[in-house]
Amino acid sequence: MARMKSRWQWLIEAAVRKLWFRASLFSLFAVATAVLAPIASPRIPPEWSARVGADALDNVLGIIASSMLTVTIFSLTTMVSAYASAASTVTPRATKLLLEDATSQNAMSTFLGAFLFSLVGIIALSTGVYGDSGRLVLFGATVIVIVVIVVTLLRWISHLSTLGRMGDTIDRVERAARQAFEDRIALPCLGGRPLGEVPASAKAVHGDAIGYVKHVDMNALQAAAGDDGSVWVAALPGTFVHRSQPIAWTDFDDEARCKAVREAFTVGDSRTYDQDPRFGLVVLAEIASRALSPAVNDPGTAIDILGTGVRVLDRWCGERGRPDEQGRGGSLAYPSVRVPPLSADDLFEDLFAPIARDGAGTVEVGIRLQKSLAMLADAGGDEVKRAARRMSAAALEHAEPALTRAADRDRLAGLAKRVGAN
């Protein structure tokens, strides 16, 4: 049975995706390799040891240390420039995905680790820690480090050609959004029951922070509810909450259990992609809106975003029409927790409404928008069809006064009728 990540699992995974974690891990491994070389030296035959001189090894390590320091600084400068470019040309909300890029983190970690490895090796050689056998072990490790550096440099050079570019950033947002929707398809209500009607006697639980809900620990909520209680979630991940706003309701008054419910909600200053499928759609819409601004005037990017949005929403729309208690069937992971499901109206509003507004005067964008809505209406159930019809009518209302040619208005009206006929 699929289950949601606990708060600690989510925090650990978030830390692992940070640059500092991977860089620290590589650096510790590199330093440990240099420091532990003397331990392996007794296993080296004496006749092999004399072939490696301390001076030759010291020169090689000096070259690695000086070059890796330069490459690390250059790479950091390049990455900062790529992040700034993505923030200004795409959207600042997408830079988080660039910061978590595995290839960039591996490159930076390798360069920094190689620098520390060579630095520790030079210090150890100068103090005489290594004997003849220890120098041979260090030489073998140095050869391996050089091979890793060369391979990493080749990958890094190839990766720099796309890092921070429009297409690359859109692909990253699409992958993050699709993964969030795949997780929500597997657990439509985060593994709990659909929200339903909250009893009038339910006790409101308020948060103690102001910001966006970043994660909901369903395991903690189920443990707090137990077998004799129920929790109704009021704030899904991505919701902006205030201390006066309930984040959940319960049918128990025990303060310790209510505190556990409150602590199950992680609130921060910004939204994340993990449990928040709507955030990916919001970021895609921001990219399209920026492309449609008079300063950029790039309707082609907005049309690409509409295609991306269809790919992201297609599976969810198809699964939404399945008739069972949770949209998937099967047993529930958290039967005592009730969670509001995603709304097709909200999702369509997040993605299509900004594009319909900002692209109202561009007939090509309007055509693609109406066709995208028709595709999703064909793929989904009654809820999706109703949401598509409403968004189609709203988009047509935006476009009619903005388009100067009657033929363009008539063409959009015809496409809108196709959406309404599904």
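Structure: above.
A.B. asks: Just to check I follow, could you spell out the overall build of the protein for this structure?
C.D. replies: A count of helices and strands for the protein gives 17 helices and eight strands. What you see for the protein is a C-alpha radius of gyration of 28 Å, clearly larger than the 22 Å of a compact globule of 422 residues, by over 25%. As displayed, the protein has an accessible area near 20,000 Å², and 58% of this comes from carbon and sulfur atoms. Here the protein contributes 45 positive and 45 negative side-chain charges, whose respective centroids are spaced 2 Å apart.

A.B. asks: Hey, could you run me through a nonpolar patch on the surface in this one?
C.D. replies: Together, Phe-139, Val-143, Val-147 and Val-151 give the surface a local cluster of nonpolar side chains, amounting to about 320 Å² of exposed area. Within the secondary structure, Val-143 is located in helix H8 (residues 132-160).

A.B. asks: Where do I start with the sheet that holds strand S5 (residues 240-241) in this structure?
C.D. replies: Adjacent strands of a sheet form backbone hydrogen bonds with each other and so pair up, either parallel or antiparallel. Pairing is antiparallel across the open sheet formed by three strands, whose spatial order is S5-S3-S7. In this open sheet, the two edge strands, each paired with only one partner strand, are S5 and strand S7 (265-268).

A.B. asks: Sorry if this is basic, but what is going on with a positive patch on the surface here?
C.D. replies: A cluster of basic side chains, namely Arg-368, Lys-371, Arg-411 and Arg-418, defines a positive patch on the protein surface. Only helix H15 (363-379) and helix H17 (406-420) provide two or more residues apiece to the positive patch. Position of Arg-411 among the secondary structure elements: in helix H17.

A.B. asks: Is there a simple way to explain the pattern of salt bridges in this structure?
C.D. replies: Think of it this way: side chains of opposite charge can pair up when their charged atoms draw near. Per the counting criterion, the structure on display carries 15 salt bridges. One salt bridge connects Arg-257 with Asp-228, and the closest N-O pair in it is separated by 3.3 Å. Highlighted residues: Arg-257 in helix H11 (residues 255-263) and Asp-228 in the loop between helix H10 (218-225) and strand S4 (231-233), separated in sequence by 29 residues. Arg-257 sits in the partly exposed class, given a relative accessible area of 23%. Take Asp-228: its relative accessible area is 63%, and that puts it in the exposed class. With a closest N to O distance of 3.5 Å, Arg-315 and Glu-319 form a salt bridge. Taken together, the positions of Arg-315 and Glu-319, both in helix H13 (residues 299-320) and four residues apart, correspond to about one turn of that helix. The exposure class of Glu-319 is buried, given its relative accessible area of 11%. Ionic contacts of the salt-bridge type, sharing partners, join the residues Asp-101, Asp-168 and Arg-172 into one network.

A.B. asks: Sorry if this is basic, but what is going on with the packing of aromatic side chains here?
C.D. replies: Where two aromatic rings form a pair, the distance of their centres and the angle of their planes describe that pair. Per the counting criterion, the structure on display carries three aromatic pairs. Positioned above the aromatic ring of Phe-252, the side-chain terminus of Arg-257 is 4.0 Å from the ring centre.

A.B. asks: What is the right way to read the nonpolar core from this model?
C.D. replies: Looking at soluble globular proteins, one finds that nonpolar side chains tend to be buried together. Counting 46 residues, the largest nonpolar core has Leu-313, Trp-316, Phe-348, Phe-352 and Ile-355 as the members making the most contacts within it. Of all the secondary-structure elements, those providing two or more residues to this core are helix H9 (166-186), helix H12 (277-292), H13, helix H14 (344-358), H15 and helix H16 (382-402). The contact partners of Phe-348, leaving out residues within four places of it in the chain, are Leu-313, Cys-317, Ala-353, Leu-373, Leu-376, Val-384, Ala-387, Ala-388 and Met-391.

A.B. asks: Which parts of the structure should I look at to understand a negative patch on the surface?
C.D. replies: Residues Asp-251, Asp-253, Asp-254 and Glu-255 make up a contiguous surface patch of negative charge. The topology assignment puts Asp-254 in the loop between strand S6 (246-250) and H11.

The rules behind the values
Residues numbered from 1 in each chain as written. Predicted model: local features only at pLDDT ≥ 70, side-chain atom pairs only at ≥ 80, totals over all residues. Heavy atoms only, no water. Helix = DSSP H or I, 4+ residues; strand = E, 2+ residues; numbered from the N terminus. Rg over C-alpha atoms; globule rule 2.2 N^0.38 Å. Areas by Shrake-Rupley, 256 points an atom, 1.4 Å probe, with all protein chains shown as cover. Lys, Arg positive; Asp, Glu negative; His and termini not counted. Charge placed at Lys NZ, Arg CZ, Asp CG, Glu CD. Patch = residues over 30% accessible without salt bridge, like charges linked within 9 Å, V, L, I, M, F, W, Y side chains within 5 Å. Salt bridge = Lys/Arg side-chain N within 4 Å of Asp/Glu carboxyl O. Pairing = 2+ DSSP bridges. Buried < 20%, exposed > 50% of the residue type's maximum accessible area, 1.4 Å probe, protein only. Phe/Tyr/Trp six-rings, centres within 6.5 Å; stacked < 30°, edge-to-face > 60°. Lys NZ or Arg CZ within 6 Å of the ring centre and 35° of its normal. Core = buried A, V, L, I, M, F, W, Y, C linked by side-chain atoms within 4.5 Å. Contact = heavy atoms within 4.5 Å.

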